[in-house]
Amino acid sequence: MASRAIFVFPPFRLDVANEQLWHDSNLLDLRPKTFEVLLYLVQNAQRLVTKRELLNSVWAGASVSDELLRGYIRELREALGDDAKKPRYIETVPTRGYRFLPWVNDESSVQTPLSELKPAKAPQELRVGILHSLTGTMASTESPVVDATLLAIEEINERGGILGREIQPVVIDGASDERAFARQAAALIAEAKVCAIFGCWTSASRKSVLPIVEQRDHLLIYPTQYEGMEQCSNIFYTGAAPNQQIIPAVSWTVGFLRKKRFFLVGWNSVYSRAANAIIRDEVEASGGEIVGEEYVLPDSTEVTRVVRTIAQTEPDLIFNSLVGDMNLFYTRLLRAAGITPEKIPTVYFSVGEIELQSLSAREIVGDYASWNYFQSLDRPENHAFVKRFRSRYGRQRVVADTMEAGYFGVHLWAQAAHAADPDDVAAIRRALANQSFEAPGGRVRIDAENQHTWKTMRLGRIVEGGQFEIVWSSEKAIRPEPYPGSRSPAAWKEFLNKLYKAWGGNWTKSQTAIPQVDDCDSAE
């Protein structure tokens, strides 16, 4: 990762330029090599750093024993007041390496409180909002999208900005909470005076922000693949619609893998419920069978029961729409139950290169994922993109589908802002409908009718090293269709309304929620 000024993980502050570790206002004494070990762990927070990787990075080819490395880790734990048995900062992963646990903020670029922002000095600055989860269940998945979005902004600023005006990003934490996303979106528009918002990952967060941007006639550029069933004039969708991810994946498993019996596992959110309804329609239309459909909540004891049910029903294949950290516990229990990719493969809809860093590659080699973009894609534009990203953030970093969509979404917006008045949100929306861009994953363009993006669809097989081997591609960009053809738009809207009402006016089901939504699975 490029040397950024200060990393913060309260109550500690890591000053890179001066090689200092502060605990509040107290300077802690660290040896230079101990500081380097800590810096590398902090730069790669929340992912497993193997012993070999750490040794190669900090000692650059010198022969160093594991015992010496353990000594430095002990020094760091002492300085941080950490406990190896109940770690808050450095977790030891037996026989493999270490994981730095806290979420780390870069004080030099993100999370300026909105109340401390000075008024934008037009025409010098053009302020945009970046709204993603930096804390909570979704932080490890969403925070890399912030990095990719900032990279695109830096590239545009280096070329002179928008009509000579520098783009100033305001990065705000959605905290993995759909209500927080709504509050923060309103604040970005009313207080920060941004001219666009780039953000949201989960469909629940997007649906919470949708009425905000509608009421204020503003603009959200949404980078995540999703369930469709939506078309809002204030949102541009750079992630996949169902016919660009979910539906082709079902067709491929039936036609190429010859699978007939399927199990659906997801979490109790609008995305998983809707995605599974789409899958059910497609499977039944092809003559296949859904042998089980289960939903879990974060940290839920229900995961054990779900895995047991999968083992009992013995499906041919599992469709998985779990997101974020929920996949960790679930996958470990799945393998402990003897369910391997060789016996019962999984097709993931929300696991990409980022999530593979937290999962054991050895356990998931042979499973599949359906996306529009993979880091392994052999295109000059992609090689250049990966190189620029790693030059900015570190050679160990990976890029994934939603990061690429977040990245090219900024470039599409910038092109529209150049063609229109950058301060006129409505004019930018009109100009966006005519934009195309040579993205790392292929040429993309906005569909003027539905404001979704024409994209190429790809299926990848997980291979050693935490990457994907592309096993199938649509080759050409697919026109987006927000509403799956198995039901009418009115029927899909009614399906969503039932979920929303059953969950008490929320887009996810709380752990204590009583209403049942099983009847939604057959809504027509």
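Residues numbered from 1 in each chain as written. Predicted model: local features only at pLDDT ≥ 70, side-chain atom pairs only at ≥ 80, totals over all residues. Heavy atoms only, no water.

Some words on the overall build of the protein
The line we're drawing: Segments assigned H or I by DSSP are reported as helices when at least four residues long, segments assigned E as strands when at least two residues long, and all are numbered from the N terminus. Atoms counted for the radius of gyration: C-alpha only. Globule rule: 2.2 Å times the number of residues to the power 0.38. Every residue pair with non-hydrogen atoms within 4.5 Å of one another is taken to be in contact. Per-residue and other accessible areas follow the Shrake-Rupley method at a 1.4 Å probe size, with only the shown protein chains counted as cover for residues.
Across its full length, the protein carries 16 helices and 23 strands. By the compact-globule yardstick of 24 Å for 524 residues, the protein fits well, its C-alpha radius of gyration being 23 Å. In the protein, of all internal contacts separated by at least 6 residues, the share reaching a separation of at least 24 is 66%. Approximately 20,900 Å² of the protein is accessible, and the part contributed by carbon and sulfur atoms is 48%.

Section: the side chain of glutamine 467
The test is simple: For every residue, the accessible area (1.4 Å probe, protein chains only) is compared with the maximum for its type, and the residue is labelled buried under 20%, exposed over 50%, or partly exposed between those bounds.
Considering the arrangement of structural elements, one finds glutamine 467 in strand β23 (residues 467-473). Taking relative accessible area as the criterion, glutamine 467 reaches 16% and is therefore assigned buried. Beyond its immediate stretch of four places on either side in the chain, glutamine 467 contacts Glu353, Leu356, Gln375, Ser376, Val398, Arg461 and Ile462.

Looking at the pairing of strand β14 (residues 261-267)
Spelled out, the test is: Only strands joined by at least two bridges in the DSSP assignment are considered to pair. Think of it like this: strands point away, you trace from the first strand over the helix to the second, and a clockwise trace means the crossover is right-handed.
Of all 7 residues in β14, 6 are buried, a share of seventy percent or more. Of the strand pairs in this sheet, β14 and strand β15 (residues 289-296) are connected by 7 bridges, and their pairing is parallel. Across the sheet, residue leucine 264 finds its bridge partner in β15, namely glutamate 293. Once the chain exits β14 it traverses helix α8 (residues 270-285) before rejoining the sheet at β15, and the crossover so formed is right-handed.

With respect to the packing of aromatic side chains
As a reminder, the rule being used: Two rings from Phe, Tyr or Trp (for Trp, the six-membered ring) form a pair when their centres sit within 6.5 Å of each other. Planes less than 30 degrees apart are called stacked, planes more than 60 degrees apart edge-to-face, and all others tilted. Charge over a ring is defined by NZ of Lys or CZ of Arg lying within 6 Å of the ring centre and within 35 degrees of the ring normal.
For the structure on display, the rule yields 18 aromatic pairs. Taking 5.4 Å as the distance between ring centres and 85° as the angle between the ring planes, the aromatic pair formed by phenylalanine 12 and tyrosine 89 counts as edge-to-face. Remark: tyrosine 89 occurs in the loop between α3 (66-80) and β6 (90-93) and phenylalanine 12 occurs in strand β2 (residues 12-15); sequence separation between them is 77 residues. The pair formed by phenylalanine 12 and tyrosine 89 is uniform in burial state, with each residue classed as buried. Ring-pair connections join several aromatic residues into one group, and the members of that group are Phe9, Phe12, Tyr89 and Phe100. Of note, arginine 206 hangs over the ring of tyrosine 222, and the distance from its end group to the ring centre comes to 4.9 Å. Against the face of tryptophan 507 rests lysine 207, its NZ or CZ located 4.8 Å from the ring centre.

Looking at the nonpolar core
Our working definition: Only buried Ala, Val, Leu, Ile, Met, Phe, Trp, Tyr and Cys residues count toward a nonpolar core, and they belong to the same one when joined by side-chain atoms within 4.5 Å.
In this structure, Leu219, Ile318, Tyr330 and Trp413 are the most contacted members of the largest nonpolar core, which totals 69 residues. It is helix α14 (residues 401-419) that contributes the most residues to this core, 10 residues altogether. For isoleucine 318, the contacting residues outside a window of four places in its chain are Phe263, Val265, Ile310, Tyr330, Leu334, Ile339, Ile344, Pro345, Thr346 and Val347. Of all hydrophobic cores here, the second largest spans 34 residues; its members include Ile246, Met457, Phe495 and Ala502.

Concerning the sheet that holds β14
Strand pairing in a sheet is mediated by backbone hydrogen bonds. Such pairs are either parallel or antiparallel. What counts here: Working convention: axes come from line fits to C-alpha atoms, limited for helices to the stretch in contact. Angles between N-to-C directions cover 0 to 180 degrees.
Read from one edge of the open sheet, 7 strands run β15-β14-β16-β17-β18-β22-β23, paired in mixed fashion. This sheet does not close on itself; its edge strands, each paired only once, are β15 and β23. Between one strand axis and the next, the sheet turns by 25° as a mean value, whatever way the strands run. Taken together, the 6 bridges between strand β22 (residues 458-463) and β23 define a ladder with antiparallel strand orientation. Residue arginine 458 lies in a different strand from β23, and its bridge partner there is serine 473. This element, helix α7 (residues 246-255), spans β14, β16 (317-320), β17 (346-348), β18 (368-371), β22 and β23 of the sheet and lies at about 170° to β16. The sheet strands contacting helix α10 (residues 326-336) are β14, β15, β16 and β17, and the helix crosses β16 at an angle near 165°.

From the geometry alone we can't say anything about function, so treat these as descriptive.
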